[in-house]
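Each chain, written out:
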Amino acid sequence: MPGVCGAKDCGKEASLQCPTCVSLHLPVSYFCSKDCFSKSWSEHKKAHGVVPPPLPDIFVGFEFTGPLRPYPITPRRKVPDSIPKPDYYLTGVPLSERDAKRNGIEVIKKPKDLAALREACRIGREVLDIAGAFVRAGKTTEEIDELVHNSTIERGAYPSPLNYRGFPKSCCTSVNEIVCHGIPDLRPLQNGDIVNVDVSVYHGGFHSDLNETYFVEDESSDVKVDPNTKLLVDTTYNALYKAIEYCKPGAMYRDIGDVIHKVVKEHGFSIIRSYCGHGLGRLFHCGPNIPHYPGNKAVGVMKPGHVFTIEPMINAGGWQD
């Protein structure tokens, strides 16, 4: 499938691929002509220094859907004893979530609880903005995780992903074709990448959960994020806000998927079905479930005091894992 020429200020349809990138299994870079390729070489060749290490045994035989490959990860970070922690911080097992399944959707109405929840969300947004400002070519997602971890504990909060069901890091960083829950590692970000940073914090007895997708394209680089990829991110953003506009007491949770689909289908993108939005508050994940695709069978009606996430995951290709 042809792409867009990677030469600065060109933008023409292109089908020529850099042979070095192909041989190193790096993200595909297209050029419309040998002239554009030659003009871009001094900047483009920098990407060739990012060579994936040998695959760990756990991934041998795994069917990757794109050129991205796992890099080494560092040991789990520690959280000071003074910071209150969720029930899973030692075992990785959120027992409170298992018990809550019998009690339906949590209702949060007390002013002091709402204030605590809003504070957790405020801290999460602040930490996410710090991480987003740090994103640039050459930085690793491991460095992003370190920044998120330190920024979270500096604010007296616990990074909710840390050891949740055994997750080894303090945030999720999903690059390019990774849909979600990417594990931060030592791979340097490259110009032309996109990276979603998912930050959740536990503070005052409540969790927050929020994320944003960032473009990796230094001003000095000829390599930019592909226009179709930018359209994908913009479409996802627009679908999210249309879904938020739909929310009110009495609205059906199942209809959120229809709202999102109307935005996405105009551009031929597909909606991930394996992951969904969810309730949160005292628990990191709980009811209701919020599927993002049309025709789903989600149960429930929105009521005052319900707190939940909407996080549509949209693909340029098919929705299947």
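Look up: the structure comes first, before these words.
Treat the numbers as computed from the prediction; the structure is a model and nothing was measured.

Caption draft 1: Broad picture of the packing of helix α4 (residues 111-134) against helix α5 (residues 141-154). The N-to-C vectors of α4 and α5 enclose an angle of 150 degrees; their axes lie 9 Å apart at closest approach. Put simply, α4 runs roughly antiparallel to α5. As α4 runs across α5, the sense of the crossing is right-handed. Along its contact with α4, which presents Val127, Ile130, Ala131 and Phe134, the element α5 presents Glu143, Ile144, Leu147, Val148, Ser151 and Thr152. Residue classes in the contact of α4 with α5 are distributed as seven nonpolar, two polar and one charged.

Caption draft 2: The environment of Asp35, seen in detail. Here Asp35 lies in helix α2 (residues 34-44). Residue class for Asp35 comes out partly exposed when judged on its relative accessible area of 44%. Separated by 28 residues in the primary sequence, Asp35 and Ala7 have C-alpha atoms spaced 9.5 Å apart.

Caption draft 3: Looking closely at the environment of Glu212. Turning to its location among the elements, Glu212 is positioned in strand β10 (residues 210-215). For Glu212, a relative accessible area of 31% translates into the label partly exposed. Put simply, Glu212 and Ala157 are 55 residues apart on the chain and 20 Å apart in space, counted from C-alpha to C-alpha. When neighbours within four sequence positions are excluded, Glu212 is seen to be in contact with Arg125, Leu128, Val195, Asn196 and Val197.

Caption draft 4: Just the packing of aromatic side chains, in detail. Within this structure, the stated rule accounts for nine aromatic pairs. Taken together, a centroid distance of 5.6 Å and an interplanar angle of 65 degrees make the contact between Phe37 and Trp41 edge-to-face. Taken together, the residues span about one helical turn, with Phe37 and Trp41 both in helix α2 at a distance of four residues. Overall, Phe37 belongs to the partly exposed group, its relative accessible area being 23%. On the basis of relative accessibility, which here comes to 32%, the residue Trp41 falls in the partly exposed class. Among the aromatic residues, those joined into a ring-pair cluster are Phe31, Phe37 and Trp41. Arg136 extends its terminal NZ or CZ atom over the ring of Phe134, reaching a point 5.8 Å from the ring centre. Across from the ring centre of Tyr246, 5.3 Å away, lies the NZ or CZ of Lys248, which sits over that ring.

Caption draft 5: Summary view of the sheet that holds strand β6 (residues 172-175). Taken in spatial order, the three strands of this open sheet run β6-β7-β10, and their pairing is antiparallel. Of all strands in the sheet, those with a lone pairing partner are β6 and β10, marking the two edges. Taken pair by pair, the neighbouring strands of this sheet meet at an average axis angle of 20 degrees, ignoring direction. As defined by bridge partners, β6 adjoins strand β7 (residues 194-199) across four bridges and the pair is classed as antiparallel. By the bridge assignment for β7, Val175 is matched with Val195. Against the sheet, α4 contacts β7 and β10, and its axis sits at roughly 15 degrees relative to β10.

Caption draft 6: Examining the side chain of Lys169 more closely. As for its placement among the helices and strands, Lys169 is situated in the loop between β5 (158-159) and β6. A polar contact of 2.5 Å, which involves the side chain of Lys169, links it to the side chain of Thr74. A polar contact of 2.9 Å, which involves the side chain of Lys169, links it to the side chain of Glu142. Not counting chain neighbours up to four residues away, the residues in contact with Lys169 comprise Ile73, Thr74, Pro75, Arg77, Glu142, Asp145, Pro161, Leu162, Ile183 and Pro184.

Caption draft 7: Fine view of the sheet that holds β5. If you walk across this open sheet you meet the three strands as β5-β8-β9, and the pairing is antiparallel. Strands at the two margins of the open sheet, each flanked by one partner only, are β5 and β9 (206-207). As paired elements, strand β8 (residues 201-203) and β9 share two bridges and run antiparallel to each other. Considered in β9, the bridge of Tyr202 is made with His207. In the packing of α4 onto the sheet, contacts are made with β8 and β9, and the angle to β8 comes to roughly 140 degrees.

Caption draft 8: Quick peek at α4. Look at α4: 35 Å from first C-alpha to last across 24 residues, which is about the 34 Å you get at 1.5 Å a residue. Among the residues of α4, those classed as buried are Asp113, Ala116, Leu117, Ala120, Ile123, Gly124, Val127, Leu128, Ala131, Gly132 and Phe134.

Caption draft 9: Here's a closer look at the pairing of β7. Extensive coverage of β7 is indicated by the burial of six of its six residues. Here β7 shows a buried face lined by Ile194, Asn196 and Asp198 and a second buried face lined by Val195, Val197 and Val199. Bridge count for β7 against β10 is six bridges, and the pairing is antiparallel. If you follow Ile194 over to β10, its bridge partner there is Phe215.

Caption draft 10: Representation of the nonpolar core in the model. In this structure, Val135, Ile144, Val148, Leu189, Val195, Val197 and Val199 are the most contacted members of the largest nonpolar core, which totals 20 residues. For this core, the elements supplying multiple residues, two or more each, are α4, α5, β7 and β10. Looking at this core element by element, the count peaks at five residues for α4. In this structure, Val135 is in contact with Ile144, Leu189, Val195, Tyr214 and Val216, ignoring residues within four places of it in sequence.

Cut-offs and rules
Residues numbered from 1 in each chain as written. Predicted model: local features only at pLDDT ≥ 70, side-chain atom pairs only at ≥ 80, totals over all residues. Heavy atoms only, no water. Axes fitted to C-alpha atoms, helices over the stretch in contact; angles between N-to-C directions. Helix = DSSP H or I, 4+ residues; strand = E, 2+ residues; numbered from the N terminus. Parallel < 35°, antiparallel > 145°, perpendicular 65-115°, else oblique. Left-handed = near helix turned anticlockwise from the far one by under 90°. Contact = heavy atoms within 4.5 Å. Nonpolar A, V, L, I, M, F, W, Y, C, P; charged D, E, K, R; others polar. Buried < 20%, exposed > 50% of the residue type's maximum accessible area, 1.4 Å probe, protein only. Phe/Tyr/Trp six-rings, centres within 6.5 Å; stacked < 30°, edge-to-face > 60°. Lys NZ or Arg CZ within 6 Å of the ring centre and 35° of its normal. Pairing = 2+ DSSP bridges. Polar contact = N/O pair within 3.5 Å; in protein donor to acceptor, adjacent residues only side chain to side chain. Expected span 1.5 Å × (residues − 1). Core = buried A, V, L, I, M, F, W, Y, C linked by side-chain atoms within 4.5 Å.

That's the geometry; what it means functionally is another story.
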